[in-house]
Amino acid sequence: MTSRLTSRLLTVFGLLVFAAPLAAQTDVFAEDPLIVATYENRVAKVRELIVRQYPLARSDTDGRTPMLWGAIQGSYDALALLLEAEARTSLLDKFGNSALYYAAENGHVDVVELLLSYEAPVDQENRDGRTPLMSATRNGHLEVVQALIAAGADVGRSDYTGRTVLDLARDGRSRKVVQTLETVSYTHLRAHETSLHL
């Protein structure tokens, strides 16, 4: 009986602990009209708020701006408006993640390309030393990996634990991502060796 009661209490306790941050985040999220409009890709509302000069860099309690929320959700059209209004691509949340990191993590290749066209820092590291390329490789987003490499992302980087881009790709178990990185790494290594011999 005691173990059943303890189990129920832990289950309830676990749900309460898990639900509390989500509720707090939702309240802050709902209070900012630009964050909500960007997240939901409501272009007319985003345009209206920009015209009314609503602050583009206002953030929630985790430091996530409308730009970051749009990148998480893949809200291409809303993000295009924010970028045209000169919203900064280099802003980071409290975890050190950028809009490009979130777009890469979630496989939004169109948003990744949009952010890169506005010169988002391709190798911006978060608090763990991870870059957008590392996030995309770990999640198996081949098209995003290819776009980031084409933009000059450093395939030889490692995070603060010493794990390389290729290590993270292997954890993600996407054979195509691993093959792409192995090919790029080999080509990069050969080019480096050639330049040393000149």
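Structure shown above.
Residues numbered from 1 in each chain as written. Predicted model: local features only at pLDDT ≥ 70, side-chain atom pairs only at ≥ 80, totals over all residues. Heavy atoms only, no water.

Peer 1: So what about the overall build of the protein? Which residues, and what values?
Peer 2: The helix and strand inventory of the protein stands at 11 helices and 0 strands. Taken from N to C terminus, the helices and strands of the protein fall in the order α-α-α-α-α-α-α-α-α-α-α. Among the 198 residues that make up the protein, the fraction classed as buried is 40%. Across the protein, the fraction of contacts at a sequence separation of at least 24, relative to all contacts at a separation of at least 6, is 66%. Split by element, the accessible area of the protein, about 11,300 Å² in all, is 53% carbon and sulfur. (Helix = DSSP H or I, 4+ residues; strand = E, 2+ residues; numbered from the N terminus. Buried < 20%, exposed > 50% of the residue type's maximum accessible area, 1.4 Å probe, protein only. Contact = heavy atoms within 4.5 Å. Areas by Shrake-Rupley, 256 points an atom, 1.4 Å probe, with all protein chains shown as cover.)

Peer 1: Let's hear about the side chain of Asp159: which residues, and what values?
Peer 2: One can find Asp159 in the loop between helix 9 (142-150) and helix 10 (165-172). Side-chain polar atoms of Asp159 contact the side chain of Arg130, separated by 2.8 Å. Setting aside chain neighbours within four positions, we find Asp159 in contact with Asp128, Gly129, Arg130 and Met134. (Polar contact = N/O pair within 3.5 Å; in protein donor to acceptor, adjacent residues only side chain to side chain.)

Peer 1: Give a detailed account of a negative patch on the surface, specifying residues and quantitative values.
Peer 2: Taken together, the side chains of Asp77, Asp110, Glu113 and Glu143 present a region of like negative charge at the surface. By the element assignment, Asp77 lies in helix 5 (residues 76-84). (Patch = residues over 30% accessible without salt bridge, like charges linked within 9 Å, V, L, I, M, F, W, Y side chains within 5 Å. Salt bridge = Lys/Arg side-chain N within 4 Å of Asp/Glu carboxyl O. Lys, Arg positive; Asp, Glu negative; His and termini not counted. Charge placed at Lys NZ, Arg CZ, Asp CG, Glu CD.)

Peer 1: Explain unusual backbone geometry residue by residue, including any values.
Peer 2: A positive phi angle, close to 60°, is found at Gln53, a residue other than glycine. Mapped onto the fold, Gln53 is located in the loop between helix 3 (43-51) and helix 4 (66-73). Judged by its relative accessible area of 69%, Gln53 is exposed. Non-glycine residue Glu119 carries a positive phi angle of around 60°. By secondary structure assignment, the location of Glu119 is in the loop between helix 7 (109-117) and helix 8 (132-138). We classify Glu119 as exposed; its relative accessible area is 70%.

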